[in-house]
Amino acid sequence: MNGRDTSKPGAGPSGFDITTIKFGDPLSPDLFDGKAKKVAESLNIKGTNKPTQLRRFYDEICLWGEKVEADEKRFNEYLPFIRMMNAKAAYAKGRNNLVNETFVKLISHCLGQVTDAKSMGRFKLFMEAVMGFYKELRPKDS
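Note that the structure is predicted; figures quoted are calculated from it, not measured.

Where helix H2 (residues 51-70) meets helix H6 (residues 117-137), the axes come as close as 9 Å, and the angle between the chain directions of the two elements is 155°. What the angle tells us is that H2 and H6 run roughly antiparallel. For H2 against H6, the interelement crossing comes out left-handed. Listed contacts from H6 to Pro51, Leu54, Arg55, Tyr58, Ile61, Cys62, Trp64, Gly65, Glu66 and Val68 of H2 are Ala117, Met120, Phe123, Lys124, Met127, Glu128, Met131 and Tyr134. Partitioning the contact of H2 with H6 into residue classes produces 13 nonpolar, one polar and four charged.

Now for the packing of helix H5 (residues 101-113) against H6. It is the contact of H5 with H6, at a shortest axis distance of 9 Å, that shows an interaxial angle of 155°. Comparing their axes, H6 and H5 come out roughly antiparallel. Along the contact surface, H5 presents Phe103, Leu106, Ile107, Cys110, Leu111 and Gln113, while H6 presents Ser119, Phe123, Phe126 and Met127. Its residues assigned to classes, the contact of H5 with H6 comprises eight nonpolar, two polar and no charged.

Time to look at the nonpolar core. In this structure, Ile21, Ile82, Phe103, Leu106, Met120, Phe123 and Phe126 are the most contacted members of the largest nonpolar core, which totals 41 residues. Looking at this core, the elements that each hand over two or more residues are helix H1 (31-43), H2, helix H3 (75-83), helix H4 (85-94), H5 and H6. The element contributing the most residues to this core is H6, with 10 residues. Discounting chain neighbours no more than four positions away, the residues touching Leu106 are Ile18, Ile21, Val39, Leu43, Phe126 and Met127.

Attention now moves to the pattern of salt bridges. Inspection of every chain in the model, using the stated rule, returns six salt bridges. As a salt-bridge pair, Arg55 and Asp59 come within 3.0 Å of each other at their nearest N and O atoms. Of this pair, Arg55 and Asp59 both sit in helix H2, four residues apart, which is roughly one turn of that helix. In this structure Arg55 comes out as partly exposed when scored by relative accessible area, which is 41%.

With respect to the helices and strands, Val39 occurs in helix H1. Apart from residues lying up to four places away in sequence, Val39 is in contact with Phe16, Ile21, Leu106, Phe126 and Val130.

In the segment running from Asp25 into Pro26, the intervening peptide bond is cis, with an omega of -10°. With respect to the helices and strands, Pro26 occurs in the segment before H1. Of note, Asn49 is a non-glycine position whose phi angle comes to about 55°, a positive value. One can find Asn49 in the loop between H1 and H2. Residue classification places Asn49 among the buried residues on the basis of a relative accessible area of 0%. A positive phi angle, close to 55°, is found at Asn96, a residue other than glycine.

Mapped onto the fold, Glu60 is located in helix H2. Not counting residues up to four positions away in its chain, the partners in contact with Glu60 are Phe81, Met85 and Lys88.

Thresholds applied
- Along each chain, residue indices are assigned from 1 in the same order as the chain's sequence is written.
- Given that this is a predicted model, residues contribute local features only at a pLDDT of at least 70 and side-chain atom pairs are listed and counted only at 80 or more, while totals for whole chains, interfaces and linings are drawn from all residues.
- Computation of side-chain values: all heavy atoms of the structure, hydrogens and water removed.
- Axis angles are defined between N-to-C directions and span 0 to 180 degrees, where every axis is a line fitted to C-alpha atoms and, for a helix, only to the segment in contact.
- Elements are defined by DSSP. Helices are runs of H or I of four residues or more, strands are runs of E of two residues or more, and each kind is numbered from the N terminus.
- Reported orientations rely on four angle classes, namely roughly parallel under 35 degrees, roughly antiparallel over 145, roughly perpendicular from 65 to 115, and oblique for the rest.
- By definition, any crossing whose near helix is turned counterclockwise from its far helix by less than a right angle is left-handed, and any crossing with a clockwise turn is right-handed.
- Residue contacts are defined here by distance: any two heavy atoms, one from each residue, within 4.5 Å place the two residues in contact.
- Each residue is assigned to one class: nonpolar for Ala, Val, Leu, Ile, Met, Phe, Trp, Tyr, Cys and Pro, charged for Asp, Glu, Lys and Arg, and polar for all the others, Gly among them.
- What we call a nonpolar core is a set of buried Ala, Val, Leu, Ile, Met, Phe, Trp, Tyr and Cys residues that are connected through their side-chain atoms within 4.5 Å.
- Exposure classes here rest on a 1.4 Å probe applied to the protein chains alone. A residue is buried below 20% of its type maximum, exposed above 50%, and partly exposed in between.
- For this analysis, a salt bridge means a side-chain nitrogen from Lys or Arg found within 4 Å of a carboxyl oxygen belonging to Asp or Glu.

Honestly, it's all geometry; don't read function into it.
In structure tokens, the structure reads:
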């Protein structure tokens, strides 16, 4: 372990509280910048959260985001499949720690806020920002 306090609910290894991530109005001016960067930093732990794993989740978020954007009326039909990413994150954690607990909590927290097309779009943008900062931290790691 890295010695940082993760005992607080929602706290990642860096101490960043993921419950401060909100997709509702008004958006925090820091959501796609400072908060996304702090999330990326909290996920940057050697031996887990490889960029290829996180990219797989991001690709699925994009896929559902595009489907919702193309046909907002079908959002409620898509929602169970969107929320199935919680199970996929838990599976990835259970399978040789491909992702860590912080990532599982992040996905769960964010998916819990996805209630319509607008919040799905914001979730997609937030994860795009996280992935951008994460690539900066782990440029050659796969």
